[in-house]
Protein chains: 2
Amino acid sequence: MDAGFRPELITAAQTKIVMLILDGLGGLPLEPGGQTELESACKPNLDALAAQSVLGLTVPAGPGITVGSGPGHLAIFGYDPFEYEIGRGALEALGVDFELGPEDVAARGNFCSMDENGIVTDRRAGRIPTETAHELARILRSIQMDGVEFFIEPVKEHRFAFVMRGAGLGDALSETDPLKTGMAPLPVRALDGESERSAQYANRFIEQAHCLLAEERPANMIMLRGFAKLPSIPTYPKLYGLRAAAVAINGMYRGVARLAGMEVLPVGGDTFCDQLSTLETCWNEFDFFYVHVKKTDTCGEAGDFPGKVRAIEEVDALIPRLMALDPDVLLIGGDHSSPAVLRSHSWHPVPVLLYARHVRPDGIAEFGERACTRGSLGTLPAKHMIHFALANAGRILKYGA
Amino acid sequence: MDAGFRPELITAAQTKIVMLILDGLGGLPLEPGGQTELESACKPNLDALAAQSVLGLTVPAGPGITVGSGPGHLAIFGYDPFEYEIGRGALEALGVDFELGPEDVAARGNFCSMDENGIVTDRRAGRIPTETAHELARILRSIQMDGVEFFIEPVKEHRFAFVMRGAGLGDALSETDPLKTGMAPLPVRALDGESERSAQYANRFIEQAHCLLAEERPANMIMLRGFAKLPSIPTYPKLYGLRAAAVAINGMYRGVARLAGMEVLPVGGDTFCDQLSTLETCWNEFDFFYVHVKKTDTCGEAGDFPGKVRAIEEVDALIPRLMALDPDVLLIGGDHSSPAVLRSHSWHPVPVLLYARHVRPDGIAEFGERACTRGSLGTLPAKHMIHFALANAGRILKYGA
């Protein structure tokens with residue numbers, strides 16, 4: 001954890017914290033002199049809240065570093081994203097809401113096409129329909145071995161999550177994807193002693209998969225990469241004494257929240273409105289709520305500027321319903337920027353707003369990138385925000401006399 | 001010390017630095033949209049000075065961390081408050097202006113009430129008058145042992161500072177206060193080998209105190225806690241080559257200044273006016289002056305918003321007299337925030353102003369929390385301020401060619 005934080009200073013309180021994350025919130029103008037997505041959105045409620053809040057810009061990992069959603073979320077949750085790394089395989093499994101255990105070794109799987117000489121002819125098997133992948137996964141689930149349990153969870157098209165569960169399995173494993181066609185898949189090699197058994201299991205699994213899929217077309221083989229176990233991170237209940245809950249719809253965010261010790265709550269639909277219903281229902285049972293909105297990022301990555309603006313406006317319209325719960329602390333921010341003009345995540349710092357009774361309001365009646373530049377939080381590491389939230393919730397004791 | 005500081009770059013100069021600390025300076029509005037104590041004070045001199053200065057906000061220890069006066073002062077003096085910790089016992093002794101030596105083991109002492117079965121019936125002995133504590137302390141001063149010297153200095157009501165002076169005494173000692181009534185006081189236990197002798201001395205002292213106070217009422221016993229030696233910190237003369245002086249009235253601040261190698265100057269009264277007289281008298285003898293004003297914090301902790309405003313205005317009225325000394329560098333700031341609305345120290349960053357001939361003035365003609373948010377120093381660790389003061393005083397050489 002951060003050097004400026006002392007776990008022994010944490011104390012209990014009867015206060016509620018809400019962390020509302022608009023995924024990929026930060027944006028850019030479409031043209032020079034223009035406004036960002038957030039700046040051009042009509043958002044009277046967020047702007048009014050900003051006037052009573054402190055504003056700033058968060059840097060997820062470091063200057064100039066663009067983060068994925070995994071490290072972006074770890075950072076805004078208060079963890080150093082370089083200290084705790086979530087491997088790609090583990091993220092893939094979390095993404096399909098697989099309840100990955102601390103001992104599980106996960107990998108990203110691909111269905112691919114191979115010719116009779118064992119040469120890969122299409123690394124993605126023509127992007128087979130997701131339904132086909134489901135059928136193939138069913139076939140692979142017949143593979144059984146003593147001492148290990150396998151899980152195959154289709155993701156989308158040719159992609160699936162692969163998990164090995166067993167005692168004492170290491171995750172230091174090389175990948176089987178040769179990364180270009182015209183070559184044979186590589187065997188899994190153990191990169192340390194602890195991973196020898198994992199390598200044997202994985203290779204035997206691939207061998208049996210090869211036999212079982214021999215007659216299938218176009219996907220007649222699998223490749224595995226990004227082998228990873230979950231990092232062991234101190235949880236919210238242990239670190240902060242918080243009964244923490246996640247109100248997220250997409251698997252990966254639910255998974256990262258679970259990793260941080262949050263209880264993942266059921267949501268009755270896929271809208272922000274449905275998420276607020278969950279929040280209202282469970283309000284008394286938790287101290288901390290992480291609420292995740294995905295659409296801002298989806299639109300940003302799709303280059304859909306007006307769609308991202310609308311996503312922000314949809315959230316804005318329901319802010320009064322959120323405020324009706326009277327949270328002691330409300331943090332609104334993002335895990336990273338996803339400017340529509342870039343059609344991708346980016347390194348730009350992310351607007352953040354912290355509302356609480358005893359903040360020293362900046363008096364800036366606008367929630368936007370440039371308004372946040374003038375905020376008193378300044379431009380700060382994302383991982384520091386949780387400390388401000390806890391302080392404002394009366395959950396940090398005085399240090400020294 | 002901070003990674004960004006190189007002691008070998010320090011050089012001598014014929015310049016004077018004044019660090020004026022208004023204790024607990026940072027505040028909060030009483031109601032949403034209102035002004036803080038500092039913002040609502042009538043302070044034409046500070047505002048005029050601000051226009052010629054650089055402004056910013058200091059963070060004493062870390063984001064969201066509320067500090068006590070000890071760590072708050074270490075930070076503004078340039079030390080990392082987590083690296084150098086002043087234990088509670090040591091602070092108690094400093095607080096009564098006891099000249100604590102580097103080998104002394106200090107503790108917070110309580111007079112308490114015990115029944116005939118040795119059970120604590122009142123941990124504070126009904127908060128006996130301070131005068132009674134003085135009489136009891138006189139009785140305890142008769143306790144003598146070979147190899148150690150004891151000091152008992154009344155603080156207020158039932159509280160006193162307890163000090164053991166002797167060679168090779170450790171301070172890793174458990175506390176005797178059971179923290180609730182209905183239990184017997186605990187014996188002092190050594191928590192490491194070096195503290196075995198300290199534990200024996202402390203237990204024998206308590207035993208004899210018990211005998212000597214047996215007939216007293218209501219205070220017939222003592223309890224000791226927070227055993228601590230002073231941390232060993234590099235001093236201003238050694239670190240910065242500064243002949244440094246402290247112009248502080250309250251014991252604890254004088255003690256922390258002494259710890260940093262400052263000479264504590266006599267002050268002929270308890271007003272800021274008296275402190276300025278000391279400054280004027282000793283102006284030629286020192287390079288650096290720390291001037292401490294307590295009233296801002298006292299009022300903040302008492303919830304006295306107008307009192308804190310007045311305390312600021314009193315300082316403002318005498319700024320011309322301070323400026324008449326023509327300091328090369330004047331830093332005005334605080335050790336932490338103490339908003340009257342919270343009646344306590346708080347985590348909010350603290351306004352700071354740095355005046356010198358060659359600052360690049362922000363041109364903001366106001367010294368206030370929100371004005372400082374716009375200042376060019378930004379929001380920065382308090383421990384960095386001393387470097388700006390030294391640089392502006394021509395006391396840091398160029399690094400590299």
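See the structure printed just above.
Residues numbered from 1 in each chain as written. Chains lettered and ligands numbered in written order. Predicted model: local features only at pLDDT ≥ 70, side-chain atom pairs only at ≥ 80, totals over all residues. Heavy atoms only, no water.

A few words now on the relation of the copies chain B and chain A. Expressed as a screw transformation, the operator carrying chain B onto chain A has a rotation angle of 123° and an axial translation of 0.1 Å, and the superposed copies differ by an RMSD of 0.2 Å. One copy is carried onto the other by what is essentially a three-fold rotation axis. (Least-squares fit on C-alpha atoms with pLDDT ≥ 70 in both.)

Moving on to the interface of chain B and chain A. Every contact between the two is made by 34 residues of chain B and, on the other side, 23 residues of chain A. For the pair chain B and chain A, the summed buried surface comes to about 2300 Å²; carbon and sulfur atoms form 61% of the total. For chain B, the biggest contributors to the area lost against chain A are B:Pro63, B:Phe82 and B:Trp347; these three give 28% of the whole. Viewed at the interface, chain A and chain B are joined by 0 salt bridges. Within the residue set of the side of chain B that touches chain A, elements represented by two or more residues are α3 (69–76), α4 (88–95) and α13 (369–373) of chain B. Along the lines of polarity and charge, the residues of the side of chain B that touches chain A split into 15 nonpolar, 14 polar and 5 charged. (Contact = heavy atoms within 4.5 Å. Buried area = accessible area lost by both parts, 1.4 Å probe. Salt bridge = Lys/Arg side-chain N within 4 Å of Asp/Glu carboxyl O. Helix = DSSP H or I, 4+ residues; strand = E, 2+ residues; numbered from the N terminus. Nonpolar A, V, L, I, M, F, W, Y, C, P; charged D, E, K, R; others polar.)

The next subject is the packing of aromatic side chains. The description of an aromatic ring pair rests on the distance of the ring centres and on the angle between the ring planes. Summed over the entire model, instances satisfying the criterion amount to 27 aromatic pairs over all chains. Aromatic side chains A:Phe77 and A:Tyr290 sit 4.8 Å apart centroid to centroid with 85° between the ring planes, which places their arrangement in the edge-to-face category. Of the two residues, A:Phe77 is situated in the loop between α3 (69–76) and α4 (88–95) and A:Tyr290 in strand β10 (residues 288–293); the sequence distance between them amounts to 213 residues. Note on A:Tyr290: relative accessible area 0%, which makes it buried. Consider the rings of B:Trp283 and B:Phe289, whose centres lie 5.1 Å apart with planes at 10°: the pair is stacked. For the residue pair B:Trp283 and B:Phe289, the accessibility class agrees, reading buried in each case. One aromatic cluster in this structure is built from A:Phe77, A:Tyr79, A:Tyr84, A:Tyr236, A:Tyr240, A:Phe288 and A:Tyr290. When the ring centre of A:Trp283 is taken as reference, the NZ or CZ atom of A:Lys16 above it lies at 5.9 Å. (Phe/Tyr/Trp six-rings, centres within 6.5 Å; stacked < 30°, edge-to-face > 60°. Buried < 20%, exposed > 50% of the residue type's maximum accessible area, 1.4 Å probe, protein only. Lys NZ or Arg CZ within 6 Å of the ring centre and 35° of its normal.)

The relative placement of two packed helices comes down to the angle between their axes together with the axis-to-axis distance. Residues and elements named next belong to chain B. Between α4 and helix α8 (residues 251–259), the shortest axis-to-axis distance is 6 Å and the interhelical angle comes to 110°. Classified by the interaxial angle, the pair formed by α4 and α8 is roughly perpendicular. Here Leu91, Leu94 and Gly95 of α4 come into contact with α8, specifically with Gly251, Met252, Gly255 and Val256. Partitioned by chemical class, the residues of the contact of α4 with α8 number 4 nonpolar, 3 polar and no charged. (Axes fitted to C-alpha atoms, helices over the stretch in contact; angles between N-to-C directions. Parallel < 35°, antiparallel > 145°, perpendicular 65-115°, else oblique.)

Attention shifts here to the pattern of salt bridges. For the structure on display, the rule yields 38 salt bridges over all chains. Measuring nitrogen to oxygen at the nearest pair gives 2.9 Å for the salt bridge that ties B:Arg123 to B:Asp177. One end of the pair, B:Arg123, is in the loop between β4 (120–122) and α5 (130–140); the other, B:Asp177, is in the loop between β6 (159–165) and α6 (196–212), and 54 residues separate them in sequence. Taken as a pair, B:Arg123 and B:Asp177 share a single burial class, namely buried. Salt bridges here are not isolated pairs; linked through shared partners, they connect A:Glu92, A:Arg108 and A:Arg159.

This brings us to the nonpolar core. Core analysis: the largest hydrophobic core is formed by 67 residues, its most contacted members being A:Phe77, A:Tyr236, A:Met262, A:Phe288 and A:Tyr290. In terms of residues, this core owes the most to one element, helix α14 (residues 385–392) of chain A, which gives 6 residues. (Core = buried A, V, L, I, M, F, W, Y, C linked by side-chain atoms within 4.5 Å.)

Residues and elements named next belong to chain A. Burial within strand β6 (residues 159–165) is extensive, with 5 of its 7 residues counted as buried. Two strands pair when backbone bridges link them, and strand β3 (residues 105–114) and β6 are joined in this way by 6 bridges, in the antiparallel orientation. Looking across to β6, one finds that Arg108 is bridged to Ala161. Where strand β5 (residues 149–156) and β6 come together, 7 bridges link them in antiparallel fashion. Residue pairing in the sheet places Phe151 in a bridge with Val163 of β6. Here β5 hands over to β6 after 2 residues, with Glu157 in that stretch at a positive phi of 50°. (Pairing = 2+ DSSP bridges.)

A few words now on the sheet that holds strand β9 (residues 263–264) of chain B. Residue and element names in this part refer to chain B. Read across the open sheet, the 8 strands follow the order β9-β8-β10-β1-β11-β12-β2-β13; overall the sheet is mixed. In the strand order of this sheet, the two ends are held by β9 and β13 (378–381), each with one partner. Here 5 bridges tie strand β1 (residues 17–22) to strand β11 (residues 329–333), and the two strands are oriented parallel to one another. From the neighbouring strand, Ile17 faces β11, where its bridge partner is Val329. Together, β2 (54–59), β11 and β12 (350–356) form the strand contacts of helix α2 (residues 44–51), whose direction differs from that of β12 by roughly 65°. Of the strands in this sheet, β8 (244–247), β9 and β10 (288–293) touch α8, which is tilted by about 160° from β10.

Now for helix α2 (residues 44–51) of chain A. Every buried residue belonging to α2(A) is among A:Leu46, A:Asp47, A:Leu49 and A:Ala50, and all of these are buried. Around the axis of α2(A), the buried residues are gathered within 160° of arc, so they sit on the same side. (Arc of directions from axis to C-beta.)

Here we come to the packing of α2(B) against helix α11 (residues 305–317) of chain B. Residue and element names in this part refer to chain B. Where α2 meets α11, the closest approach of the two axes is 7 Å, and the angle between their N-to-C directions is 65°. Of the possible angle classes, the one that applies to α2 and α11 is roughly perpendicular. Across the interface between the two elements, Pro44, Asn45 and Leu46 of α2 pack against Ile312, Asp316 and Ala317 of α11. When grouped by side-chain class, the residues that make up the contact of α2 with α11 number 4 nonpolar, 1 polar and 1 charged.

Glancing now at the environment of B:Asn284. Residues and elements named next belong to chain B. In this fold, Asn284 is placed in the loop between α9 (272–282) and β10. A sequence separation of 83 residues divides Asn284 from Tyr201, and the C-alpha atoms of the two residues are 46 Å apart. In this structure Asn284 touches Lys16 and Arg243, once residues within four positions along its chain are discounted.

Residues and elements named next belong to chain A. The strand order β9-β8-β10-β1-β11-β12-β2-β13 describes an open sheet built from 8 strands, whose pairing is mixed. Edge positions in the sheet fall to β9 (263–264) and β13 (378–381), since each of these pairs with one other strand and no more. Taken together, the 2 bridges between strand β8 (residues 244–247) and β9 define a ladder with parallel strand orientation. Across the sheet, the residue bridging to Ala245 is Glu263, located in β9. Sheet contacts for α2: β2 (54–59), β11 (329–333) and β12 (350–356); angle to β12, the most-contacted strand, approximately 65°. Sitting on the sheet, helix α9 (residues 272–282) touches β1 (17–22), β8 and β10, and the angle it makes with β10 is about 170°.

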